[in-house]
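Residue-level structure breakdown
Here are the chains, one letter per residue:
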Amino acid sequence: MKRLTLILSLLAALGLGACDKPTVINVPAQAPVPGPAGPKGATGETGSTGYTGSTGATGETGIQGSTGATGDTGNTGPTGKPGPGSTVIVVPPPAAPAR
């Protein structure tokens, strides 16, 4: 009985394995890898200079403006009171004695 179970399980495994369809995987093509750089080419010629436009005319000098008006004279302050009429004489202090 053990051999019959073993044989049936092997047949089932083979039967199921035969039905399996292989999966096809499309691998995208890889971009080509550039090879080593070649020698440097010759230097190109210098291009011609472009057209320079003409210079414009100089403008005229403007007119000078008129002089401004002179301002008014300020008010005169009040006159001071007359003094008491006596003269004050300031006498300097005596010099310090020599030592």
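Preceding this section is the structure that the text describes.
Residues numbered from 1 in each chain as written. Predicted model: local features only at pLDDT ≥ 70, side-chain atom pairs only at ≥ 80, totals over all residues. Heavy atoms only, no water.

Some thoughts on the overall build of the protein
We count it as follows: By the criteria applied, helices consist of DSSP H or I runs no shorter than four residues and strands consist of E runs no shorter than two, each listed in order from the N terminus. For this measure, only C-alpha atoms enter the radius of gyration; the expected value for a globule follows 2.2 Å times N^0.38, where N is the number of residues. Each residue gets one of three labels from its accessible area relative to the maximum for its type: buried under 20%, exposed over 50%, partly exposed in between, using a 1.4 Å probe on protein chains only. Note on areas: these come from Shrake-Rupley sampling with a 1.4 Å probe, and a residue is covered only by the protein chains present in the view. Think of it this way: Lys and Arg go in the positive column, Asp and Glu in the negative one, and His and the chain ends go nowhere. Here the site of a charge means NZ on Lys, CZ on Arg, CG on Asp, or CD on Glu.
Helix and strand counts for the protein stand at 1 helix and 0 strands. In terms of overall dimensions, the protein is more spread out than a globule: its C-alpha atoms have a radius of gyration of 60 Å, far above the 13 Å expected for 99 residues. Overall, the C-alpha framework of the protein stretches about 160 × 70 × 50 Å when taken along its three principal axes. For the protein, the residues scored as buried account for 0% of the 99 residues in total. Carbon and sulfur atoms form 60% of the exposed surface of the protein, whose accessible area is close to 11200 Å². Side chains of the protein give 6 positive and 4 negative charges; the mean places of these two sets differ by 40 Å.

Regarding a nonpolar patch on the surface
Our working definition: Two distance rules govern patches: like charges are joined within 9 Å, and nonpolar side chains (Val, Leu, Ile, Met, Phe, Trp, Tyr) within 5 Å, applied only to residues with over 30% relative accessible area and no salt bridge. Each salt bridge in this description consists of a side-chain nitrogen of Lys or Arg and a carboxyl oxygen of Asp or Glu lying within 4 Å of one another.
A grouping of Met1, Leu4, Ile7, Leu8, Leu11 and Leu14 is seen on the molecular surface, where their side chains present a nonpolar patch of about 710 Å² in accessible area. Its place among the elements puts Leu11 in helix H1 (residues 2–19). Since its relative accessible area comes to 54%, Leu11 is described here as exposed.

What about the environment of Gly65?
Of note, Gly65 is situated in the segment after H1. Each C-alpha atom of the pair Gly65 and Leu11 lies 119 Å from the other, and the pair is 54 residues apart in sequence.

Section: the environment of Gly56
Following the sequence through the fold, Gly56 ends up in the segment after H1. Separated by 44 residues in the primary sequence, Gly56 and Ala12 place their C-alpha atoms 101 Å from one another.

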